[in-house]
Amino acid sequence: MIHVYADTSVVGGCFDKEFKEHSLALFEEFKTGMKKLILSDVVKMELELASDQVNAKVNEVPRRFKVEIKSTLKAATLAATYIAQGALNNKCYNDALHIALATLHNANVLASWNFKHIVNLNRIKLYNSINLQMGYRSIEIRTPREILKSYKP
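Computed from a prediction, not measured in an experiment: that's the story for all the values here. Counting starts from 1 at the beginning of each chain's written sequence and moves along it residue by residue. Given that this is a predicted model, residues contribute local features only at a pLDDT of at least 70 and side-chain atom pairs are listed and counted only at 80 or more, while totals for whole chains, interfaces and linings are drawn from all residues. Side-chain measures here rest on the full set of heavy atoms in the structure, leaving out hydrogens and waters.

Our focus in this paragraph is the packing of aromatic side chains. Aromatic contacts are taken between Phe, Tyr and Trp rings whose centres are within 6.5 Å, Trp giving its six-membered ring; a plane angle under 30 degrees counts as stacked, one over 60 as edge-to-face, and the others as tilted. Inspection of every chain in the model, using the stated rule, returns 5 aromatic pairs. Connected via pairs of aromatic rings, a cluster forms that spans Phe19, Trp113 and Phe115.

The next point concerns the packing of helix H5 (residues 73-84) against helix H7 (residues 121-133). For any two helices packed against each other, the geometry is given by the interaxial angle and the distance between the axes. Viewed as axis vectors pointing N to C, H5 and H7 meet at an angle of 125°, and their least axial separation amounts to 10 Å. Between H5 and H7, the crossing angle belongs to the class labelled oblique. Taken as a pair, H5 and H7 cross one another with a handedness that is right-handed. Between H5, through Leu78, Thr81 and Tyr82, and H7, the contact on the second element is made entirely by Tyr127, Ile130 and Asn131. The residue classification treats Ala, Val, Leu, Ile, Met, Phe, Trp, Tyr, Cys and Pro as nonpolar and Asp, Glu, Lys and Arg as charged. All others, Gly included, are polar. Each residue belonging to the contact of H5 with H7 can be placed in one class, and the counts come to 4 nonpolar, 2 polar and no charged. Structural elements are reduced to axes, namely lines fitted to C-alpha atoms, with helices fitted over the stretch in contact, and the angle between N-to-C directions of any two is expressed from 0 to 180 degrees. The helix and strand labels rest on DSSP assignments: H or I over at least four residues marks a helix, E over at least two residues marks a strand, and numbering proceeds from the N terminus. The scheme is simple: roughly parallel for angles under 35 degrees, roughly antiparallel for over 145, roughly perpendicular for 65 to 115, oblique for anything else. Each helix crossing is assigned a hand: it is left-handed if the near helix lies turned anticlockwise from the far helix by less than a right angle, otherwise right-handed if that turn is clockwise. We call two residues in contact when some of their heavy atoms are within 4.5 Å.

Turning our eyes to something else, we now look at the sheet that holds strand S2 (residues 35-40). The strands making up a sheet are joined through hydrogen bonds of the backbone, oriented either antiparallel or parallel. Here, any two strands with at least 2 DSSP bridges between them count as paired. Strands sit in the order S3-S2-S1-S4-S5 across an open sheet of 5 strands; the sheet is parallel. Each edge of the sheet is formed by a strand with only one pairing partner; in this case those strands are strand S3 (66-69) and strand S5 (141-142). Inspection of the sheet shows strand S1 (residues 2-6) paired to S2 by 4 bridges, in the parallel sense. Of the residues in S2, the one forming a bridge with His3 is Lys36. Packing against the sheet, helix H2 (residues 20-32) makes contact with S1, S2 and strand S4 (109-111), and its axis sits at approximately 105° to S2.

Set out below in structure tokens:
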């Protein structure tokens, strides 16, 4: 089964005109068990600022198709390394933490609509270069549209 770390933009995308179609389709795949949702404490914290409707979206995924993970010192260190090596700046710490958590929890892919900081080819190359330098694996980062049904890790 494909494990997908979905960042906050994917959850919010279910209620956004531009991203709704593919975000909802990905959530259908989570709900039916076609893919497993990796849900971090960082996403849950960010969702606290969103509407009840957005917050409720992750609860639609049955527990058996969802893996809840927590931030660790190892993830914080990796996120800080992304920032120290210029992949992101300090203002983007949570974005760095999303990438670190997805890497360390062996997500097959990180799904995001954040084109500026996450789904960005030059940045993805930097993240993966840093991951390899630190002895970690590279991480696939894609939009929900790119990983629906046909995605093969």
